[in-house]
Amino acid sequence: MIMKTIIKIILFTVVIVLYSATSCVNLDTTPKDKVTDIEFWKNKNAVFNMINSCYSLISSASEIEYADAMSDNAYVKVSNDFNQALANGTASTADKYAHKIWNSRYTGIRYSNLVLDNIHLATYLNEEMARRYTAEAKTMRAYQYFELVSKFGDVPFFKHAVSIEESQKVKRTNRNTIISEILQDLQDIIDNKSLPESYSANDIGRITHWTAMALKARIDLFEGHYREVKDLTSSIMSKSKHRLFPSYSGLFTIANENNEEVLWDIQYKPNSREHSIQSQFLPPSRLGYAQLVPLQSLVSNYITLDGYAIEDAPAGSYDPNNMFDNRDPRLAATIAYTGNSYKLKDGTDHVINIDKGANPDGFGFASSCSPSGYYIKKYWDNTYSTNLRSGLNYIIIRYADVLLMHAEALVELNEMNDEGWNTTIKPIRQRAGFTESSAIEYPGNTNIKEIVRKERRSELAMEGLRTKDIIRWRIAENVLNGWALGFYTGDIIGTQNGFVEVEKRKFDKNKNYLWPIPQSERDLNSNLSQNPNW
């Protein structure tokens, strides 16, 4: 399994990454070892180990979870080293989180480039393995550049490992050029079938042909290339063996990792390579401190069991005094609220009480309680260790996202119909637990764009995709201005119509669609221009 191979070289990776973190300019880092020496690459394990290092640098459980805090889905109550300022509009060009992401992405790019620069020296590789490793490195590099472009716009772009001198002179490349290059890389990989469609158990977790195709679809979706998205997702739907996993809540558990829905995930392993995100979103009664919490806006997005948005629901379908009744089952699988529970390892239910002042999880009871009155439940790992560390994998791309991308492309191309609905939204809702015909049958094209967008938000909540969605839809100024609200208390002071005021946010459409280029990088390279109005 890829996790086992990553673990074997984790010290190798950590040494290089730690050196990178101390460098003034992360993207120019030359590792303090021999990865640039010809003899290093002649070692029969060199490329294998470096590719696995690239995998370990793709992303993290923390980055995926916290991404939603820059949207109307969630809030993070601690600003230091996290993305609170980017969410509420108070970030500066010295923002630590923006710089952290810049550094980590360029570290990953450098590792991919080291492989691509030197793989020709690995003469022990046969043609098939050399082609596969090259494709893996290019796919990961494409992912890293997409993450940079979607946040910073124009960024330095290079397809080889640059020297310190080069890094201090490089200018930003137009984002469209970068997007064109990485899309072409992915298309070449797809056309040439450079990656296998699946792997044996020893290589589970590696990038496949379908991973590259789904990643290209995601980038094309961000760029508004809907015809390409439709074609790519159609191919995955008709030709791959990927399918929806039968249980929505079960999808995010260790017991069901690497199932048929997962196209790409970050591989962790209990007791060997773990993350500590559990403690950051769990309630105090589960030894957490609720640093990252859901918002009322996300709760309100979930439709009723009979298929209505709560603001449009007829009498008897939605009761604001019992707002969690008759709701999309994914709400209870994603968010913990009063009466909802966490399933413990012994099979018992740990019921939550978020009511004002309730001990120990109630709103306002302690600083470790949720400032919104809600807690995250998705990705809850009931096998976590006593120090709240978990080896649960975090998913980057899954089949439901492929179906949702296909549905959105059909809507944007004015091609959504019964057939399109029945192959995308209907199976997703049926898997979630909907049975009423008003919820699962095609509703017609009236307001279909909003229906599909709401479906995407509910299905993929807290999976790190909402921020990209509101950016590409250009609705951020609508959903990130004003008060971010928490649950309903009915109080007059500190609330909006009884809903708790969590954070005042501001989004300037002339500025905040792009992050600032880190000032510390510009201090070292005068050729790096700044984004507008920063």
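I will try to describe carefully the structure that is included in this document. (Residues numbered from 1 in each chain as written. Predicted model: local features only at pLDDT ≥ 70, side-chain atom pairs only at ≥ 80, totals over all residues. Heavy atoms only, no water.)

**Comments concerning the overall build of the protein chain**
Then, in step 1: Looking only at helices and strands, one finds 23 helices and 11 strands in the protein chain.
Then, in step 2: A compact globule built from 534 residues should have a C-alpha radius of gyration of about 24 Å, and the protein chain, at 23 Å, falls within 12% of that.
Then, in step 3: Dimensions of the protein chain, computed from the C-alpha atoms along their principal axes, are close to 70 × 50 × 50 Å.
Then, in step 4: Counting the 534 residues in the protein chain, one finds 58% classified as buried.
Then, in step 5: Taking as baseline every contact in the protein chain between residues at least 6 positions apart, the subset at least 24 positions apart corresponds to 70%.
Then, in step 6: Summing over all exposed atoms, the protein chain offers an accessible surface of approximately 21,300 Å²; the carbon and sulfur share of this is 49%.
Then, in step 7: Here the protein chain contributes 60 positive and 64 negative side-chain charges, whose respective centroids are spaced 4 Å apart. (Helix = DSSP H or I, 4+ residues; strand = E, 2+ residues; numbered from the N terminus. Rg over C-alpha atoms; globule rule 2.2 N^0.38 Å. Buried < 20%, exposed > 50% of the residue type's maximum accessible area, 1.4 Å probe, protein only. Contact = heavy atoms within 4.5 Å. Areas by Shrake-Rupley, 256 points an atom, 1.4 Å probe, with all protein chains shown as cover. Lys, Arg positive; Asp, Glu negative; His and termini not counted. Charge placed at Lys NZ, Arg CZ, Asp CG, Glu CD.)

**Looking at empty space enclosed by the protein**
Then, in step 1: Enumeration according to the criterion identifies eight cavities of 30 Å³ or more in this entry.
Then, in step 2: Volume-wise, the largest cavity comes out at about 460 Å³.
Then, in step 3: Lining the largest cavity we find 33 residues, and of these Ala67, Met70, Lys151, Thr467 and Lys468 sit closest to its centre.
Then, in step 4: Contributions of two or more residues to the lining of the largest cavity are made by helix H5 (61–67), helix H6 (84–88), helix H7 (96–118), helix H8 (127–152), strand S8 (394–398) and helix H21 (466–472).
Then, in step 5: A per-element tally of the lining of the largest cavity places H8 first, with four residues. (1 Å grid on protein atoms, 1.4 Å probe; cavity = no way out; pocket = protein on both sides within 12 Å on 5 of 7 lines; lining within 4 Å. Points joined across faces, edges and corners; volume = space filled by probe spheres on them.)

**Thoughts on H7**
Then, in step 1: In this model, H7 (23 residues) spans 33 Å end to end at C-alpha, consistent with the 33 Å of a helix rising 1.5 Å per residue.
Then, in step 2: Burial within H7 is extensive, with 19 of its 23 residues counted as buried.
Then, in step 3: Between the side-chain oxygen of the N-cap and the backbone nitrogen of Tyr97 there are 3.1 Å, and the N-cap of H7 in question is Asp95. (Expected span 1.5 Å × (residues − 1). Polar contact = N/O pair within 3.5 Å; in protein donor to acceptor, adjacent residues only side chain to side chain.)

**Topic: the nonpolar core**
Then, in step 1: Of all hydrophobic cores here, the largest spans 159 residues; its most connected members are Val47, Tyr145 and Trp264.
Then, in step 2: In terms of residue count, the dominant contributor to this core is H8 (11 residues).
Then, in step 3: Residues within four places of Trp264 in sequence aside, it is in contact with Tyr55, Ile58, Met140, Tyr143, Gly205, Ile207, Thr211, Leu215, Ile395, Ile396 and Ile397.
Then, in step 4: Formed by five residues, the second largest nonpolar core is a distinct cluster that contains Ile303, Ala432, Ala439 and Ile440. (Core = buried A, V, L, I, M, F, W, Y, C linked by side-chain atoms within 4.5 Å.)

**Quick look at the pattern of salt bridges**
Then, in step 1: Per the stated rule, a full pass over the model turns up 38 salt bridges.
Then, in step 2: Residues Arg389 and Glu274 are paired through a salt bridge, measuring 3.9 Å at the closest nitrogen-oxygen approach. Of this pair, Arg389 sits in the loop between strand S7 (375–376) and S8 while Glu274 is found in the loop between strand S2 (262–266) and helix H13 (277–281), placing the two residues 115 residues apart along the sequence.
Then, in step 3: On the accessibility criterion, Arg389 (31% relative accessible area) is partly exposed.
Then, in step 4: Residue Asp401 pairs with Arg456 through a salt bridge whose shortest N-O separation is 2.8 Å. Taken together, the positions of Asp401 in helix H16 (residues 399–412) and Arg456 in helix H20 (residues 448–459) put the pair 55 residues apart, joining distant regions of the chain. In this pair, the class of Asp401 matches that of Arg456, namely buried.
Then, in step 5: Linked by salt bridges that have partners in common, Glu261, Asp328, Arg330, Lys378, Arg398, Arg429, Arg431, Glu455, Glu459 and Glu463 make up one network. (Salt bridge = Lys/Arg side-chain N within 4 Å of Asp/Glu carboxyl O.)

**As for the sheet that holds strand S9 (residues 482–488)**
Then, in step 1: The strand order across the open sheet formed by three strands is S9-S11-S10, and the pairing between neighbours is antiparallel. Bordering the open sheet on either side are S9 and strand S10 (495–496), each of which pairs with just one other strand.
Then, in step 2: With two bridges joining them, S10 and strand S11 (residues 499–505) adopt antiparallel strand pairing. Paired with Gln496 across the two strands is Phe499, which belongs to S11. (Pairing = 2+ DSSP bridges.)

**Remarks on the environment of Ile493**
Then, in step 1: Within the fold, Ile493 resides in the loop between S9 and S10.
Then, in step 2: Using a relative accessible area of 78% as the deciding quantity, one classes Ile493 as exposed.
Then, in step 3: Separated by 214 residues in the primary sequence, Ile493 and Ser279 place their C-alpha atoms 31 Å from one another.

**Thoughts on the side chain of Arg466**
Then, in step 1: As for its position among the elements, Arg466 is in helix H21.
Then, in step 2: Classification of Arg466 as buried rests on a relative accessible area of 9%.
Then, in step 3: Of note is the side chain of Arg466, whose polar atom sits 2.9 Å from the side chain of Asp72.
Then, in step 4: Apart from residues lying up to four places away in sequence, Arg466 is in contact with Asp68, Ser71, Asp72, Asn73, Arg457, Trp473 and Ile475.

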